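What follows is the residue order along each chain.
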Amino acid sequence: MGHGKLRKFAENETFSCLLQPSAEEVLAGGYFNLADHPVKGHWIEQMFGGHKGDIVLELGCGKGEYTLELARRNPDKNYIGVDIKGARLWRGAKTATEEGLRNVAFLRTRIEFITAFFGPGEVSEIWLTFSDPQLRASENKRLSSAMFLERYRRFLRPGGIIHLKTDSRFLYEYTLAVAQVNALPILAATTDLYGRQDIPAAAGVIPVLAEKRLGQKSSGRHSQRSRALPAEVREVQTFYESMFLEMGLPITYLEFCPDHIGPYLNPRDPEDFDSAFWRTLEGPRRSFSHQ
Ligand SMILES: C[S@@+](CC[C@H](N)C(=O)[O-])C[C@H]1O[C@@H](n2cnc3c(N)ncnc32)[C@H](O)[C@@H]1O
């Protein structure tokens, strides 16, 4: 490990806004019986100095730019960025510390362990920002799959909201299908958040053949539906998002409420979500975007 990383990891130990539980702590009872962390149900007192306000999570926050900017704009709410990468979280925690942002915290953990950290109804909103679409992996690895929704509902308050922002049309369509097969209320959905019609063909975003088929496969009445979105949905951008915007790539956005009785279902392939088709649209973009 390089000196830079070692220095960041050492400094991470000094940040009061950064919680870094060891995997052993969480896994003491095994993968299917995660040990509750002492902060579970007590974020307001233990991490936000008693500052009462909604708790909003960003899962896979990277360097935390999005968490930080939302927190600056909404001092009445509390924001928690979650990621597994310590060197990335260092950037967010350092900025929060330097700016004295008291409504920001960071949690270093695998998102698979998230239920060990939040109690029933403790969280109001979840942001999934530019998550890995897991094109070829089991769908259970996608952060918007039925398996992850089962985890989220254990701590999301009734009427809570999930926001998905992604450059991946595959992940957008998959998540929309998850919402549709479970009859979850969709609050906003757009395949082009910034309304850009000037996508450079050279970017290889949508091959011509796929574009022709898109009409048949389009996600129908939800594909461009968007209520009047709060300005911050467009104005606040993550690190990856600003990179994609510079390249002129479209950003998709989906907002839904996961309230649901009974187990969540995954969409049937290909009836509800044609994974092979949507995968064909991703090739050049994915390899480019996740370097
Ligand atoms: C493509 S980056 C996006 C970062 C940031 N949201 C942005 O838009 O700039 C995905 C992030 O998710 C994190 N991540 C992916 N899978 C994860 C998991 N299972 N648990 C925790 N973090 C994860 C990675 O470490 C990485 O920082």
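Further up the page is the structure itself.
Residues numbered from 1 in each chain as written. Predicted model: local features only at pLDDT ≥ 70, side-chain atom pairs only at ≥ 80, totals over all residues.

Engineer: Can you tell me about the packing of helix H1 (residues 3-12) against helix H5 (residues 86-99), naming the residues and giving the values?
Structural biologist: The interhelical angle for the contact between H1 and H5, taken along N-to-C directions, is 55 degrees, at an axis separation of 9 Å. When the axes of H1 and H5 are compared, the pair comes out oblique. Of the two possible hands of crossing, H1 and H5 adopt the one that is left-handed. From H1, Lys5, Lys8, Phe9, Glu11 and Asn12 reach across to H5, where they touch Gly86, Ala87, Leu89, Trp90 and Ala93. (Axes fitted to C-alpha atoms, helices over the stretch in contact; angles between N-to-C directions. Helix = DSSP H or I, 4+ residues; strand = E, 2+ residues; numbered from the N terminus. Parallel < 35°, antiparallel > 145°, perpendicular 65-115°, else oblique. Left-handed = near helix turned anticlockwise from the far one by under 90°. Contact = placed C-beta atoms within 7 Å.)

Engineer: Any details on the nonpolar core? Residues and values, ideally.
Structural biologist: Membership of the largest hydrophobic core comes to 65 residues, with the highest contact counts inside it found for Leu57, Ile80, Ala105, Phe106 and Ile126. Ranked by residue count, the leading element in this core is helix H7 (residues 169-181), at eight residues. (Core = buried A, V, L, I, M, F, W, Y, C linked by C-beta atoms within 7 Å. Buried ≥ 20, exposed ≤ 12 C-beta atoms within 10 Å, placed from the backbone.)

Engineer: Break down the sheet that holds strand E4 (residues 104-108) for me, citing the residues and quoting the values.
Structural biologist: Ordered by their spatial adjacency, eight strands build an open sheet running E1-E4-E3-E2-E5-E6-E8-E7, and the pairing between neighbours is mixed. Edge positions in the sheet fall to strand E1 (18-19) and strand E7 (186-190), since each has one partner strand and no second. Sheet strands in contact with H7 are strand E6 (156-166), E7 and strand E8 (252-256), and its direction is about 20 degrees off that of E8. (Pairing = 2+ DSSP bridges.)

Engineer: Explain the site of the ligand to me, and be specific about the residues and the numbers.
Structural biologist: Close to the ligand lie 17 residues; Gly60, Gly62, Phe130, Thr238 and Phe239 are nearest. A total of three residues in the shell around the ligand trace back to one element, the largest contributor, which is helix H10 (residues 239-246). Of the residues that constitute the shell around the ligand, the class distribution is six nonpolar, four polar and seven charged. (Near = placed C-beta within 6 Å. Nonpolar A, V, L, I, M, F, W, Y, C, P; charged D, E, K, R; others polar.)

Engineer: A description of the pairing of E4 should follow, citing residues and the corresponding values.
Structural biologist: Counting buried positions along E4 yields five of five residues, so the element is predominantly enclosed. The alternating pattern of E4 places Val104, Phe106 and Arg108 and Ala105 and Leu107 on opposite faces, both of which are buried. The pairing of E1 with E4 spans two bridges and is parallel. Each residue of the ladder has a partner; that of Leu19, found in E4, is Leu107. Examined bridge by bridge, strand E3 (residues 78-83) and E4 share five bridges and lie parallel to one another. Across the sheet, residue Asp83 finds its bridge partner in E4, namely Arg108. With H5 bridging E3 and the parallel E4, this β-α-β connection has right-handed handedness. (Right-handed = clockwise from strand over helix to strand, strands pointing away.)

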